[in-house]
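Next come the chains, spelled out residue by residue.
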Amino acid sequence: MQRSTRISPSVLAANFARLGEEVESVSAAGADYIHLDVMDGHFVPNLSFGPDIVRALRPYSDLPFDVHLMITPVEPYIEDFTDAGADIITVHPEASTHFERTLQRIRQTGRKAGIAINPDTSMEVLEDVMDLVDLILVMTVNPGFGGQPFIESQLTKIAAARALIQASGKTIDLSVDGGINPGTAELAVTAGADVLVAGTAVFRGDGTSYAQNIERLRNA
Ligand code: DX5
Ligand code: ZN
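Numbering of residues starts from 1 in every chain and runs along the sequence as written. To label them, take the chains in the order written and letter them from A, then take the ligands in the order written and number them from 1. Totals for whole chains, interfaces and linings use every residue, but because this is a predicted model, local features are given only for residues with pLDDT of at least 70 and side-chain atom pairs only at 80 or more, for both listing and counting. Side-chain metrics rest on all non-hydrogen atoms present in the structure, leaving aside hydrogens and water.

Visitor: Give me the pairing of strand β7 (residues 173-177): which residues, what numbers.
Guide: Looking along a regular strand, one sees the side chains alternate between the two faces of the sheet. Relative accessibility decides the category of a residue: with a 1.4 Å probe and only protein chains considered, values under 20% of the type maximum give buried, values over 50% give exposed, and everything between is partly exposed. The numbering of helices and of strands both runs from the N terminus, where a helix is a DSSP run of H or I of at least 4 residues and a strand a run of E of at least 2. A large share of β7 lies buried, amounting to 5 of its 5 residues. Neither face of β7 is exposed, since D173, S175 and D177 on one face and L174 and V176 on the opposite face are all buried. Pairs of strands are assigned from DSSP output, requiring at least two bridges between the strands. Where strand β6 (residues 135-139) lies against β7, 5 bridges are found, and the strand directions are parallel. Pairing of L135 across the sheet is with D173, part of β7. A crossover links β6 with its parallel partner β7, the connecting element being helix α6 (residues 155-168), and its sense is right-handed. In this sheet, strand β8 (residues 195-198) lies alongside β7 in parallel orientation, the contact comprising 3 bridges. For S175, the partnering residue across the bridge sits in β8 and is V195. In this fold, the crossover linking β7 to β8 by way of helix α7 (residues 182-191) has right-handed handedness. Note on handedness: a clockwise path from strand one over the helix to strand two, with the strands aimed away from the viewer, defines a right-handed crossover.

Structure representation (structure tokens):
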């Protein structure tokens, strides 16, 4: 069965002075999700935005909000983000003292739970939580900034995650985040990814429109 590639534009590369319109534009341009990168200047060396911005953006799109939390501690803030309109919440195991409980807490809110795998995170963490995740997000950059180059050695993790998903028989999305452009998108999809997170390539891509940038990634 051929899987269709879904595109999740990261608003980190959007024009922050016009964030609502940017979210509206990429939604109309064929995006499948809106990726919202939340950074605390502690877990990652950058600051972005919190739940109030997520709530403010909610009326600008009907697409699922795919919220990537790069904050520690993370657990006390889960409800803030679900209340603000998050549909999927992705967390890093390193940001949580009791990671399994954090995933359960996300699921208890009725939202989907994702696990983010950093370049230096071992795939072993996945084995114990396959029953608790709806999404695996393989980071192909070290989290914290947009516009970084794709780390090719992560392709083996994408392939390993795809094999684990297949073996589990569960419906789990396999997403890739960082340095995605039409060239690296092809590598990621060939390795088994079915969702591509892309900031720079969508909001600052070479195409003539957001729609063209999105289609170039989808067809890569
Ligand atoms: C990095 C973020 C990414 C980032 C991707 O910490 O998780 O979502 O916005 O940006 P690009 O697509 O520019 O690499
Ligand atoms: Zn992200």
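Visitor: If you had to explain the coordination of the zinc ion (ligand 2) to someone new, which residues and values would you point to?
Guide: Only nitrogen, oxygen and sulfur atoms qualify as donors, and only when within 2.8 Å of the metal (3.2 Å in the case of Na, K and Ca); with water excluded, sites may look incomplete. Of the protein atoms, only H35 (NE2), D37 (OD), H68 (ND1) and D177 (OD) coordinate the zinc ion (ligand 2), at distances of 2.0 to 2.3 Å. Around the zinc ion (ligand 2), the 6 donor atoms are arranged such that angles at the metal cover 69 to 168 degrees; this shape is classified as octahedral. Relative accessible area serves as the criterion here: at 4%, D37 is assigned to the buried category. Only two sets of limits are used to name each site, 85 to 135 degrees for every angle of a tetrahedral four-donor site, and over 155 degrees for opposite donors with all other angles from 65 to 115 for a square planar four-donor or octahedral six-donor site, with any other site named irregular.

Visitor: So what's going on with the nonpolar core? Which residues, and what values?
Guide: In this structure, V11, L36, L69, F81, I136, I158 and I180 are the most contacted members of the largest nonpolar core, which totals 67 residues. Joining through side-chain atoms within 4.5 Å is the link that ties buried Ala, Val, Leu, Ile, Met, Phe, Trp, Tyr and Cys residues into a set, and such a set is a nonpolar core. Residues Y33, A116, M139 and V141 belong to the second largest nonpolar core, which totals 9 residues.

Visitor: Quick rundown of unusual backbone geometry? Include the residues and the values.
Guide: For the peptide bond that leads from T72 to P73, omega is 0 degrees, which places it in the cis range. With respect to the helices, strands and loops of the structure, P73 is situated in the loop between β3 (65-70) and α3 (78-84).

Visitor: I'd love a proper account of the sheet that holds β7, names of residues and values included.
Guide: With respect to topology, 8 strands assemble into an open sheet ordered β1-β8-β7-β6-β5-β4-β3-β2, the strand pairing being parallel. Bordering the open sheet on either side are β1 (6-9) and β2 (34-39), each of which pairs with just one other strand. Shown here is a sheet whose adjacent strand axes are inclined to one another by a mean of 25 degrees, direction ignored. Judged from the 4 bridges that link them, strand β4 (residues 88-91) and strand β5 (residues 112-117) form a sheet pairing that is parallel. If you follow I88 over to β5, its bridge partner there is K112. Should any heavy atoms of two residues lie within 4.5 Å, those residues are counted as being in contact. Axis definition: a line fitted to C-alpha atoms, limited for helices to the stretch in contact. Angles are taken between N-to-C directions and run from 0 to 180 degrees. Together, β4 and β5 form the strand contacts of helix α4 (residues 99-108), whose direction differs from that of β5 by roughly 145 degrees.

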